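# Observations on the three-dimensional arrangement
Listed here are the chains, written in short residue letters.
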Amino acid sequence: EAQVTQNPRYLITVTGKKLTVTCSQNMNHEYMSWYRQDPGLGLRQIYYSMNVEVTDKGDVPEGYKVSRKEKRNFPLILESPSPNQTSLYFCASSPEPTGNSPLHFGNGTRLTVT
Amino acid sequence: DAKTTQPPSMDCAEGRAANLPCNHSTISGNEYVYWYRQIHSQGPQYIIHGLKNNETNEMASLIITEDRKSSTLILPHATLRDTAVYYCIVRPPGAGGTSYGKLTFGQGTILTVHP
């Protein structure tokens, strides 16, 4: 089944403890992206990748890192999480970054930083 | 990006067609109309998109007016599992960059399908 898979689904951690949220897609998509969703703020883009080894900042990249060593994987790294990074995170992918190409989302990771 | 206006909520009886309207009067000629839905806190689910012509897929139909200032998403036979928040989005055609991945989800329409 074609899908975007995120892990873990839920994560509770403490301030400063490095963590990684994984994202994998099995559709050979070029474009991948990370978002966070907060009440009243909608969906905000954190980082995106146009292809392997090509990544760029979105609207809210502070405190996050990403890498794209393989086409299928796009992990989100929080080197030193803080409480303001408590949020619902989504990974998405699409075949190519054009307006006629829909983004497909994973099921989300709910992160709580205490 | 063009703004969209949707009714905050709608009801539909199970088995009936659900018609969800969206106003996008400031849409540009080359911008696409997309529909997504989100159930609880699950990932947004892509439903359908179109530019000028009406579109149909296994999930829904999209009717875009001739002047492209509004559209209607049609779920032909709504089920209880279609209860969700539905978002109408206008997206630019351009390739790459932050603008492609930027999805402005407004308030959406809460569709409640009842037995």
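Model, not experiment: these values are computed from the prediction.

## What about the nonpolar core?
In terms of nonpolar packing, the biggest core is built from 21 residues, with W35, L73, Y86 and L111 of chain B touching the most fellow members. Of all the secondary-structure elements, those providing two or more residues to this core are strand 2 (18-23), strand 3 (32-38), strand 4 (45-50), strand 6 (61-64), strand 7 (70-75), strand 8 (84-91) and strand 9 (109-114) of chain B. A total of four residues in this core trace back to one element, the largest contributor, which is strand 8 of chain B. In terms of nonpolar packing, the next biggest core, distinct from the first, is built from 18 residues, M32, Y64, L78 and V113 of chain A among them.

## Quick word on the pairing of strand 7 of chain B
Residue and element names in this part refer to chain B. Of the two faces of strand 7, the one lined by S71, L73 and L75 is fully buried and the one lined by S70, T72 and I74 carries no buried residue. One ladder, built from six bridges, connects strand 2 with strand 7; its direction is antiparallel. Bridge pairing links A18 to L75 in strand 7. Where strand 6 meets strand 7, four bridges bridge the pair, whose relative direction is antiparallel. Residue pairing across strands places I63 opposite T72, the latter belonging to strand 7. Connecting strand 6 to the antiparallel partner strand 7 that follows it, the hairpin turn spans five residues, and R68 within it adopts a positive phi of roughly 65 degrees.

## Notes on the interface of chain A and chain B
Across the boundary between the two partners, chain A contributes 26 residues, which contact 23 residues of chain B. In total, chain A and chain B occlude about 1,900 Å² of area from one another, counting both sides; carbon and sulfur atoms represent 53% of this. In terms of surface lost to chain B, no three residues of chain A exceed G99, L103 and F105 of chain A, which account for 24% of the buried area on that side. The tally of links between chain A and chain B comes to zero salt bridges. Linking chain A with chain B are six residue pairs in polar contact (both at pLDDT 80 or more), by the criterion used here.

Rules used throughout
Residues numbered from 1 in each chain as written. Chains lettered and ligands numbered in written order. Predicted model: local features only at pLDDT ≥ 70, side-chain atom pairs only at ≥ 80, totals over all residues. Heavy atoms only, no water. Core = buried A, V, L, I, M, F, W, Y, C linked by side-chain atoms within 4.5 Å. Buried < 20%, exposed > 50% of the residue type's maximum accessible area, 1.4 Å probe, protein only. Helix = DSSP H or I, 4+ residues; strand = E, 2+ residues; numbered from the N terminus. Pairing = 2+ DSSP bridges. Contact = heavy atoms within 4.5 Å. Buried area = accessible area lost by both parts, 1.4 Å probe. Salt bridge = Lys/Arg side-chain N within 4 Å of Asp/Glu carboxyl O. Polar contact = N/O pair within 3.5 Å; in protein donor to acceptor, adjacent residues only side chain to side chain.

Honestly, it's all geometry; don't read function into it.
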